[in-house]
Amino acid sequence: MANITTKVSWSSRADESVTAGEGTPLLNGTEQPRHSRQLSEGGSIFQIGRLSTVDLEEEMASDEDSLRGRPKEIPHNEKLLSLKFESLDYDNIENQLFLEEERRMSHMGFRCLEISRWVVCGLIGFLTGLIACFIDIVVEEMAGIKYQVVKENIEKFTDVGGLSISLILWAILNSAFVMVGAIIVAFFEEGPMIHSGAVVAAGVSQGRSTSLKRDFKIFEYFRRDTEKRDFVSAGAAAGVSAAFGAPVGGVLFSLEEGASFWNQMLTWRIFFASMVSTFTLNFFLSIYHNKTGDLSSPGLINFGRFESDSVAYNLYEIPLFIAMGAIGGLLGALFNVLNYWLTIFRIRYVHRPCLQVMEAMLVAAVTATVSFTMIYFSNDCQPLGPEHNEEYPLQLFCADGEYNAMATAFFNTPERSVRSLLHNQPGSYNPLTLSLFTLTYFFLACWTYGLSVSAGVFIPSLLIGAAWGRLFGILLASITPTDSIWADPGKYALIGAAAQLGGIVRMTLSLTVIMVEATGNVTYGLPIMLVLMTAKIVGDYIVEGLYDIHIKLQSVPFLHWEAPATSHWLTAREVMSSPVTCLNRIEKVGTVVDILSSTATNHNGFPVVVQVTDNDEPAKLCGLILRSQLIVLLKHKVFVELARSRLTQRKLQLKDFRDAYPRFPPIQSIHVSQDERECMMDLTEFMNPTPYTVPQETSLPRVFKLFRALGLRHLVVVDDENRVVGLVTRKDLARYHIGKHGLEELQLAQT
């Protein structure tokens, strides 16, 4: 394996006493080499300070030939932040074009826009519900075919021998289905219901399909990041609502996990999308099940209804529930740690799409093999009475009129397995069966999460927790008098499911409501809240939640709600990136093209300044313009000389920018002749003349709060005379975090 060398340059303190050959000290006391990046030359570009980058280069090792047989490894360092992730422009560009359009719009026009937002949210809920209905029907039919074929095959070979053929058939069917899903995920795009709802929202709200090259000429006003962000939040909520039949839980999930901005009107619109999604799913499923008009069906995931008598609990059970929450936190932390190391291995070695598909097929085959083995060697036989409603009961080596209890857990869809664990009568499982199932399914689920398949962690976590929760209830019942029925195993299966899921994903408010809505009973609202809070506290003491771990492993510059607690001593001057590539208000076309074409200046925002001196001193800020805007201006040849020579030239409008959104053409696709390079561009009409700025002495928490609350992408740092000295972006703020040894500073990587 080739050696990896790291070159680091930090936009740190503007200390003139540090010579060019000295290193810049980091917060942990180490020193990194420093180099200055010259972006371009010319009096129209102002470069101030230093720029923070990390370039990863592979050196050719002398023993490379002897190591060719080893798998290629992708270097991984969780102390890096990737530069490949770009922020969105949540702050509206209030240039002259935008203000003129807003001023021309009447009060009725704004009312129509608000009605359009409600219509879009309704469409999002309707389409998400249709997708959920399609998924539910397809999964039900395909699972029915698979389990029926395997069941008949097992029953056929149980007496005559040759059950290995049944195992091979099960493994082949598993691998075939998984291969199709893995190919779609690895080479195209697919996701669980939350992701599906967000994708639908991002597409519907724009009134066109960029992939199909089809523009329906509707909802053009919403073609900007600010509007799309709100609709994507509604889509995510609609996905959760369709999955669990929990409209309120979907809204709270979007608030707790998905949205970075919230207000009251947005809450109502998201709730409307969630309700429409649930209604659509129920309506079409009622038609499918020949019960047209029956809207009492839950979402895709049906936990079954708990009767009030069976879920009663007493005060002395509260400590038991809290103890189960602690167990869920510990098991969730173990799950996250194991998946953390497994994900690192995948990042390093399983990075090609073909390898990802092969791994998914391997996991499918291993799952079928383990499940078949557990069922084969299990002797837990239960009577098949009228109160049992197993979908695919396997007799195997049990006597007539009995079924294999292990098969009820493994030989079924996870949703039906959860329902059987919650609602089957006491005595349906013995402790050994539940212990073995919990152990094997725990590791299989840990291996599965992160595969290139459209699968989530909710149902596997609920199934694991329901299994050990029911085991907990059985053990409690065994140490109490025989006539006592207070330790109902189904009740503790529900608590265990909540504890396990909370210990893995660390959600509290939304997960409580989702569980209450999915079970159809509010009796357990308080115990579930206590369990989830306990699981979160215990789990957070050991390791972060699963979502946070994967965000960090992918080196995503994610901003938390608050700045690091011990960061008040840092100022904007120490956080900002520099040098800043600035543009004059009237700039040469060739200069703009060179800046946008240079790989060294792959920036998305450029301060516009007024040149007041002929030297390289900082110039006064007069606005901010985006890369996407400059590309549109170059595409439409908005040059001063051409505007003078073409009296009938159409004036550029906001519609031209919206038509190019969101896939703006690359600068390489825009042809600029040599004569056009000598022309000038007037940026006055298109730049944002009022960008947000902060003095260079502003503390990091204050910069963070301003940046996070306003949803900014660029925050200009100025001195006392309003001269540009730096620029703060999401990556500059995200690289500071609290680590094991206090405040740490991450590195920015080009990969």
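Refer to the structure above for everything that follows.
Read on for a plain summary of the structure. (Residues numbered from 1 in each chain as written. Predicted model: local features only at pLDDT ≥ 70, side-chain atom pairs only at ≥ 80, totals over all residues. Heavy atoms only, no water.)

## Considerations on the overall build of the protein chain
Put simply, the test is: The helix count covers DSSP runs of H or I at least four residues long, the strand count covers runs of E at least two residues long, and both are numbered beginning at the N terminus. Each residue is placed in one exposure class: buried if its accessible area under a 1.4 Å probe, protein chains only, is under 20% of its type's maximum, exposed if it is over 50%, and partly exposed if it falls in between. Note on contacts: a residue pair qualifies if any of its non-hydrogen atoms lie within 4.5 Å across the two residues.
Across its full length, the protein chain carries 25 helices and 20 strands. Buried positions account for 51% of the 751 residues belonging to the protein chain. Residue pairs at least 24 apart in sequence account for 77% of intrachain contacts in the protein chain once pairs closer than 6 positions are excluded.

## With respect to the sheet that holds strand β13 (residues 620–626)
The strands that make up a sheet are held in pairs by hydrogen bonds between backbone atoms, and each pair lies either parallel or antiparallel. Quick note on the threshold: For two strands to pair, DSSP has to find at least two bridges joining them.
Spatial ordering of the open sheet is given by β10-β12-β13, a layout of three strands whose pairing is mixed. Since the sheet does not close on itself, it has two edges, and those belong to β10 (583–584) and β13, each with one partner. As paired elements, strand β12 (residues 605–610) and β13 share six bridges and run antiparallel to each other. Bridged to Val 610 within β13 is Lys 620.

## What about the sheet that holds strand β15 (residues 693–695)?
Spelled out, the test is: Orientation is described by lines fitted to C-alpha atoms, with helices fitted over the stretch in contact, and by angles between N-to-C directions that extend from 0 to 180 degrees.
If you trace the three strands from one edge of the open sheet to the other, you get β15-β16-β17, paired in mixed fashion. Looking along the sheet, the strands with just one partner apiece sit at the ends: β15 and β17 (724–728). For this sheet, the mean angle separating the axes of adjacent strands, direction not counted, is 30 degrees. Here four bridges tie strand β16 (residues 715–718) to β17, and the two strands are oriented antiparallel to one another. In the sheet register, Val 716 faces β17, and the bridge partner there is Leu 727. Against the sheet, helix α24 (residues 700–710) makes contact with β15, β16 and β17, and its axis sits at roughly 145 degrees relative to β16, the strand it touches most.

## Structural notes on the nonpolar core
Using the following cut-off: Nonpolar cores were defined as sets of buried Ala, Val, Leu, Ile, Met, Phe, Trp, Tyr and Cys residues, with membership established by side-chain atoms within 4.5 Å.
Membership of the largest hydrophobic core comes to 85 residues, with the highest contact counts inside it found for Phe 244, Phe 303, Ile 375 and Phe 411. Among the nonpolar cores identified, the runner-up in size contains 31 residues, and Val 589, Phe 606, Leu 654 and Ala 660 belong to it.

## Examining the packing of aromatic side chains
Just so we agree on the cut-off: Only the six-membered ring of Trp is used, alongside the rings of Phe and Tyr, when aromatic pairs are assigned; centres must lie within 6.5 Å, and planes under 30 degrees apart are stacked while those over 60 apart are edge-to-face, with the rest tilted. Criterion for a charge above a ring: Lys NZ or Arg CZ within 6 Å of the ring centre, and within 35 degrees of the ring normal.
Going through the model one piece at a time under the given rule, you end up with 22 aromatic pairs. Relative to Phe 284, the ring of Phe 283 lies with its centre 5.4 Å away and its plane at 85 degrees, an arrangement referred to as edge-to-face. We classify Phe 284 as partly exposed; its relative accessible area is 28%. With centroids separated by 6.3 Å and ring planes inclined at 20 degrees, the aromatic side chains of Phe 372 and Tyr 376 adopt a geometry described as stacked. Residue Phe 372 and its partner Tyr 376 are both found in helix α9 (residues 353–377); the two are separated by four residues, about one turn of the helix. Tyr 376 gets classed as partly exposed once you look at its relative accessible area, which sits at 35%. Between Arg 229 and the ring centre of Tyr 90, over which it is positioned, the NZ or CZ distance is 4.6 Å.

## So, empty space enclosed by the protein
Condition: A cavity, in this analysis, means grid points on a 1 Å lattice covering only the protein atoms where a 1.4 Å probe fits yet has no way out; a pocket is instead an open set bounded by protein on both sides within 12 Å along at least five of seven lines, and a residue lines either one if it has an atom within 4 Å of a point. Grid points are joined across faces, edges and corners, and a volume is the space filled by probe spheres set on the points. Under the scheme applied, nonpolar residues are Ala, Val, Leu, Ile, Met, Phe, Trp, Tyr, Cys and Pro; charged residues are Asp, Glu, Lys and Arg; polar residues are all the others, including Gly.
Under the criterion given, the structure shown has three cavities of 30 Å³ or more. Taken as a whole, the largest cavity holds about 130 Å³ of empty space. Taken together, the residues of the lining of the largest cavity sort by class into eight nonpolar, three polar and three charged.

## Comments concerning the pattern of salt bridges
Stated formally: Put simply, a salt bridge is a Lys or Arg side-chain nitrogen that is within 4 Å of an Asp or Glu carboxyl oxygen.
By the definition in use, this model includes 26 salt bridges. Measuring nitrogen to oxygen at the nearest pair gives 2.8 Å for the salt bridge that ties Arg 117 to Glu 227. Residue Arg 117 is located in helix α2 (residues 107–160), and its partner Glu 227 is located in helix α5 (residues 225–244); the two are separated by 110 residues in the primary sequence. There is no split in this pair, since Arg 117 and Glu 227 are both buried.

## Re the side chain of Asn 339
Formally: Polar contact is defined as a pair of N or O atoms within 3.5 Å, subject to the rule that within protein one atom must be able to donate a hydrogen and the other to accept it, and that residues adjacent in sequence are counted only when both atoms are side-chain atoms.
Mapping Asn 339 onto the fold places it in helix α8 (residues 318–349). Side-chain polar atoms of Asn 339 contact the backbone oxygen of Cys 446, separated by 2.9 Å. With residues up to four places along the chain from it excluded, the contact list for Asn 339 reads Cys 446, Tyr 449, Leu 546 and His 550.

## Brief notes about the environment of Met 142
You can see Met 142 is positioned in helix α2. With relative accessibility at 35%, the residue Met 142 sits in the partly exposed group. Placed 35 residues apart in sequence, Met 142 and Phe 177 show a C-alpha to C-alpha distance of 9.2 Å.

## A closer look at the pairing of β17
Where a strand is regular, its side chains alternate between the two sheet faces. Among the five residues of β17, five are classified as buried, and the element is accordingly described as predominantly covered. Hairpin connection between β16 and β17: a loop of five residues separates the two successive antiparallel strands, and Asn 722 in this loop has a positive phi of roughly 60 degrees.

## A word on unusual backbone geometry
Omega for the bond connecting Ser 578 with Pro 579 falls within 30 degrees of zero, at 10 degrees, which places this linkage in the cis form. Residue placement: Pro 579 occurs in the loop between α18 (572–575) and β10. Omega for the bond connecting Tyr 661 with Pro 662 falls within 30 degrees of zero, at 0 degrees, which places this linkage in the cis form. The phi dihedral of Lys 217 is positive, around 60 degrees, even though this residue is not glycine. Note on placement: Lys 217 falls in the loop between β7 (214–215) and α5. Backbone geometry at Lys 637 places phi at a positive 55 degrees, although glycine is not the residue there. Checked against the element boundaries, Lys 637 lands in the loop between α20 (627–635) and α21 (640–645).

## Brief notes about the packing of α5 against helix α6 (residues 247–258)
Let me state the cut-off plainly: An angle counts as roughly parallel when it lies under 35 degrees, as roughly antiparallel when it exceeds 145, as roughly perpendicular when it falls between 65 and 115, and as oblique in every other case. A crossing counts as left-handed when the near helix is turned anticlockwise from the far one by less than a right angle, and as right-handed when that turn is clockwise.
Between α5 and α6, whose axes approach to 7 Å, the crossing angle comes to 140 degrees. One way to sum up the angle between α5 and α6 is to call them oblique. For the element pair α5 and α6, the recorded crossing hand is right-handed. Across from Ser 233, Ala 237, Val 240 and Ser 241 in α5, the residues of α6 making contact are Pro 247, Gly 249, Gly 250, Val 251, Phe 253 and Ser 254.

## Description of a nonpolar patch on the surface
Short version of the rule: Each patch is built from residues that are more than 30% exposed by relative accessible area and take part in no salt bridge. Like charges join if they lie within 9 Å; nonpolar side chains (Val, Leu, Ile, Met, Phe, Trp, Tyr) join within 5 Å. In short, Shrake-Rupley with a 1.4 Å probe defines the accessible areas, and a residue's cover is counted only from the protein chains shown.
Taken together, the side chains of Met 179, Val 180, Ile 183 and Ile 184 present a nonpolar region at the surface, about 280 Å² in accessible area. Mapped onto the elements of the fold, Ile 183 is located in helix α3 (residues 163–187).

## Some details on the environment of Pro 383
Checked against the element boundaries, Pro 383 lands in strand β8 (residues 381–383). When the C-alpha atoms of Pro 383 and Asn 404 are compared, they prove to be 9.1 Å apart, with 21 residues separating the residues in sequence.

## Some remarks on the environment of Asp 682
Within the secondary structure, Asp 682 sits in strand β14 (residues 680–682). For the pair Asp 682 and Val 640, spaced 42 residues apart in the sequence, the C-alpha separation amounts to 6.5 Å. A polar atom in the side chain of Asp 682 sits 2.7 Å from the side chain of Thr 684.

## Re the packing of α2 against α5
One way to put it is that α2 packs onto α5 with a least axis distance of 9 Å and a crossing angle of 35 degrees. Considering how the two elements wind past one another, α2 and α5 form a crossing that is right-handed. Between α2 and α5, the contacting residues are Arg 117, Val 120, Cys 121, Ile 124, Gly 125, Thr 128 and Ala 132 on the first element and Glu 227, Phe 231, Ala 234, Gly 235, Ala 238, Gly 239 and Ala 242 on the second. Across the contact of α2 with α5, the residue classes break down as eight nonpolar, four polar and two charged.

## Some thoughts on the pairing of strand β18 (residues 736–739)
Summarising the sheet, β18 and strand β19 (residues 742–745) pair through four bridges and their orientation is antiparallel. Its bridge partner lying in β19, Tyr 736 is registered against Glu 745. Hairpin geometry of β18 and β19 is characterised by an intervening segment of two residues between the two adjacent antiparallel strands.

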